[in-house]
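The chain contents come next:
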Amino acid sequence: MPMPPLLARTIAQARLDAETLAYVDRLPMPGDAGHGYDAFGLHRDFVKLGLCAAKPLYDSYFRVQSFGNEKVPKTGPGVLASNHSGTVPTDGMMLWADVVLKVGRIPRPVADHFVPTLPVVGTFFARGGMVGGSRGNARALLGSGELLMIFPEGTPGIGKHFRDRYKLQKWRVGHAELAIRHGAPVIPVAFIGPEEQMPQIARLDRLGKLLGLPYVPVPATPLPMPVRYHIHYGDPIPTDRDYRPQDADDPDAVAEAAAKVGEAVQALIDAGLKQRGGRLFT
Amino acid sequence: MSVYIQGVMVTGATTPIGERLIRRLLEDEGIESVLAVGLEPEDEAPLPQGYGDRLTYVSVDLGRSRRVRNLLFGVAKELGVEVVIHTSMHRDAKDSGGRVHAQNVDALRSLLDLGERHPTIRRLVFKSHAEVYQVKHDLPILVTEDHPLNMTSGSPQWIRDRVEADLTACARMGLSSLEIAVLRCAEVLAPGCGSQIWDWLDASVALRPVGFDPMTNVLSVDDAVLALELAAKAFGVQGVFNIPGKDTLPLSSISRQWGVPGMPVPGVLASAFYRTRRRLRGHDFSYGMNLRRFHFCSVLDGTRARQVLGFEPQTPVDWPITTGDPAG
């Protein structure tokens, strides 16, 4: 967000409790490229500001429950690969908040290329750690030992039809390639809840194109419904055990690794749905 | 850093970078003589005093190849110049045309051509610019040396010349008898260095596009000089090297630390304002030329320069306003 860190800090101090502020102050930050920012624009004060926005949703609206977050590595490179849904990508925001609050790391969400072109939003997300989805960005971050947050379904995941809920859309392979190249573990993540929060009844592709967006959704509800979010973290898949870094250039090896991750996410979704039963809001 | 060099020729000697570089080279006892080349007559050139015949200044228009020949095979040969540091580049973005192109591109081409046949010149260091890189929302923020170049059609001559000069030097690398090092320097935020951001800040208010605040890296004159000196002495090393500065910060923080209030406005308004300002008041800053840089992040990755040249940015820009709190 185009505002000075001092203002972000002041807002955060007014909105967050002292314990949370102290907690964020203790979080390990990637290298300071000068003036408190990293080269991609992440700044600690804006992480606090991001929590101001995310925490009410996390605690009170979506009442997020997180399972298995101890499986996320506390240090070193890693890739969180999750299902994506919900018409508006609040799942990304909640996963970011969950990792910050429960794991003690600031994950780096990898967003679609159009996100940095969005005024205000693109800058605000970048200050919290988001980067545009170019391979160079992801490589640089993994190379410096950071934790990436990738939604391999991409935008089609957010826009999936209600009847396709909890069915993974085309599972892209870029996350697996990056993980293999850097010997980073992939942590499968399943979201239960967002797939039902805002059923979509239509999509306006032409209007989206005019606005520089993939499409404009027409949801059945004006806002996401307050469904309870369940986040399930699976066991890390250690890519360095089965693959060598040069296998990142082998399309078959990459597809195989990506499929393993996709299967793990689907298995977590199925198990999570079973655990939740029919209780959407409780 | 103690390398014996018979002679170093520095072009662009009267610019702040050239002047500081000459001073630094003269402080090194291992360098026998420095040949400073500038456009200004000697009595107008801001040259360091007290170095006797270790410093020679000549006024030469490098855009004329005959004069470059006379320079290289005249005084440069007499002084036994081994290294040429080419920093001369037309700084005013408003100017265009054949004379500007000659200074920006043809001068370098002549130096390369003649340097290959020269009896003493072994090495050429070219100060290139980060502006040769393309900035786009779907390109990596951290710019490595293999990042796409700005070949956008309709780019102003200021950009086109810089890309052409850079490619001219790169095309000879490894094939020429000269050792060639190209330093793609981040924007030097200082007066007289052709900095677009400096001109942008030379106002009572700095307009930027609403909703965007890209990360930018700026270089100090001292660090630019350090990089050039290291590259000049790195015999046996060729290649392209990014030279980032110590300051990486959002555009809004640049204006804040410069003491100029920033104002986010719709891009159309900023464009119209700066076009009018350029026409009426002769300012150099072009919003159109910086459009993408004012929207999307672009930060040089200096890993190669650190590993090969041993360059690490050390001196921050001389900010007029220091908050005392780096985060504030």
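Refer to the structure above for everything that follows.
A brief structural summary.

Topic: a nonpolar patch on the surface
A cluster of nonpolar side chains, namely Leu204(A), Leu207(A), Leu210(A) and Leu211(A), defines an oily patch on the protein surface of about 400 Å² accessible area. You can see Leu210(A) is positioned in helix 9 (residues 205-211).

Notes on the sheet that holds strand 8 (residues 187-188) of chain B
Residue and element names in this part refer to chain B. What the 3 strands build is an open sheet, ordered 8-10-12; its pairing is mixed. This sheet does not close on itself; its edge strands, each paired only once, are strand 8 and strand 12 (247-250). Here strand 8 pairs with strand 10 (residues 215-219) via 2 bridges, running parallel. Note that in strand 10 the partner of Glu187 across the bridge is Val218.

Looking at the packing of helix 8 (residues 174-182) of chain A against helix 11 (residues 251-276) of chain A
Residue and element names in this part refer to chain A. One can describe the packing of helix 8 onto helix 11 by two numbers: an axis separation of 8 Å at closest approach and a directional angle of 110 degrees. As the angle between them shows, helix 8 and helix 11 are arranged roughly perpendicular. Of the residues in helix 11, those in contact with His175, Ala176, Glu177 and Ile180 of helix 8 are Ala253, Val254, Ala257, Ala258 and Val261. A breakdown of the residues in the contact of helix 8 with helix 11 according to their chemical character gives 7 nonpolar, 1 polar and 1 charged.

Here we look at the nonpolar core
Grouped together as the largest cluster of nonpolar side chains are 54 residues, with contacts concentrated most on Ile85(B), Leu183(B) and Ile243(B). Residue contributions to this core peak at 9 residues, all from helix 6 (residues 221-233) of chain B. Ignoring any residue separated from it by four or fewer positions in sequence, one finds Leu183(B) in contact with Val125(B), Phe126(B), Lys127(B), Ser128(B), His129(B), Ala227(B), Leu228(B), Ala231(B), Phe241(B), Ile243(B) and Leu309(B). By size, the runner-up hydrophobic cluster in this structure holds 42 residues, among which are Ala176(A), Ala190(A), Ile192(A) and Ile141(B).

Some details on the environment of Gln169(A)
All names here are of chain A. Tracing the sequence through the fold places Gln169 in the loop between helix 7 (155-158) and helix 8. A relative accessible area of 23% means that Gln169 is categorised as partly exposed. Along the chain, Gln169 and Ile231 lie 62 residues apart, while their C-alpha atoms are 19 Å from each other. Setting aside its immediate chain neighbours within four residues, Gln169 contacts Glu153, Pro156, Gly157, Lys160 and Asp164. Of note is the side chain of Gln169, whose polar atom sits 3.3 Å from the backbone oxygen of Lys167.

Details of the pattern of salt bridges
Applying the stated criterion across every chain yields a total of 37 salt bridges over all chains. Measuring nitrogen to oxygen at the nearest pair gives 2.4 Å for the salt bridge that ties Asp28(B) to Lys233(B). One end of the pair, Asp28(B), is in the loop between helix 1 (16-27) and strand 2 (31-38); the other, Lys233(B), is in helix 6, and 205 residues separate them in sequence. Given the relative accessible area of 13%, Asp28(B) is considered buried. Here Lys233(B) falls in the buried class, since its relative accessible area comes to 10%. Here the salt bridges do not stand alone but share partners, grouping Arg9(A), Asp25(A), Asp45(A) and Lys48(A) into one network.

Thoughts on the sheet that holds strand 3 (residues 55-59) of chain B
Pairing between the strands of a sheet comes from backbone hydrogen bonds, and it takes one of two forms, parallel or antiparallel. Residues and elements named next belong to chain B. In spatial order, the strands read 3-2-1-4-5-7-11; together these 7 strands make up an open sheet with parallel pairing. Looking along the sheet, the strands with just one partner apiece sit at the ends: strand 3 and strand 11 (239-243). Strand-to-strand twist of the sheet, defined as the mean angle between neighbouring strand axes without regard to direction, takes the value 20 degrees. In this sheet, strand 5 (residues 123-129) lies alongside strand 4 (residues 83-86) in parallel orientation, the contact comprising 4 bridges. By the bridge assignment, Ile85 is partnered in strand 5 with Val125.

Things to note about the side chain of Glu131(B)
Residues and elements named next belong to chain B. Along the chain, Glu131 falls in the loop between strand 5 and strand 6 (142-143). Comment: no salt bridge for buried Glu131; closest opposite-charge side chain is Arg293, at 4.5 Å. Excluding its chain neighbours within four sequence positions, the residues that come into contact with Glu131 are Asn150, Trp158, Ile159, Glu187 and Arg293.

What counts as what
- Residues numbered from 1 in each chain as written.
- Chains lettered and ligands numbered in written order.
- Predicted model: local features only at pLDDT ≥ 70, side-chain atom pairs only at ≥ 80, totals over all residues.
- Heavy atoms only, no water.
- Patch = residues over 30% accessible without salt bridge, like charges linked within 9 Å, V, L, I, M, F, W, Y side chains within 5 Å.
- Areas by Shrake-Rupley, 256 points an atom, 1.4 Å probe, with all protein chains shown as cover.
- Salt bridge = Lys/Arg side-chain N within 4 Å of Asp/Glu carboxyl O.
- Helix = DSSP H or I, 4+ residues; strand = E, 2+ residues; numbered from the N terminus.
- Pairing = 2+ DSSP bridges.
- Axes fitted to C-alpha atoms, helices over the stretch in contact; angles between N-to-C directions.
- Parallel < 35°, antiparallel > 145°, perpendicular 65-115°, else oblique.
- Contact = heavy atoms within 4.5 Å.
- Nonpolar A, V, L, I, M, F, W, Y, C, P; charged D, E, K, R; others polar.
- Core = buried A, V, L, I, M, F, W, Y, C linked by side-chain atoms within 4.5 Å.
- Buried < 20%, exposed > 50% of the residue type's maximum accessible area, 1.4 Å probe, protein only.
- Polar contact = N/O pair within 3.5 Å; in protein donor to acceptor, adjacent residues only side chain to side chain.
- Lys, Arg positive; Asp, Glu negative; His and termini not counted.

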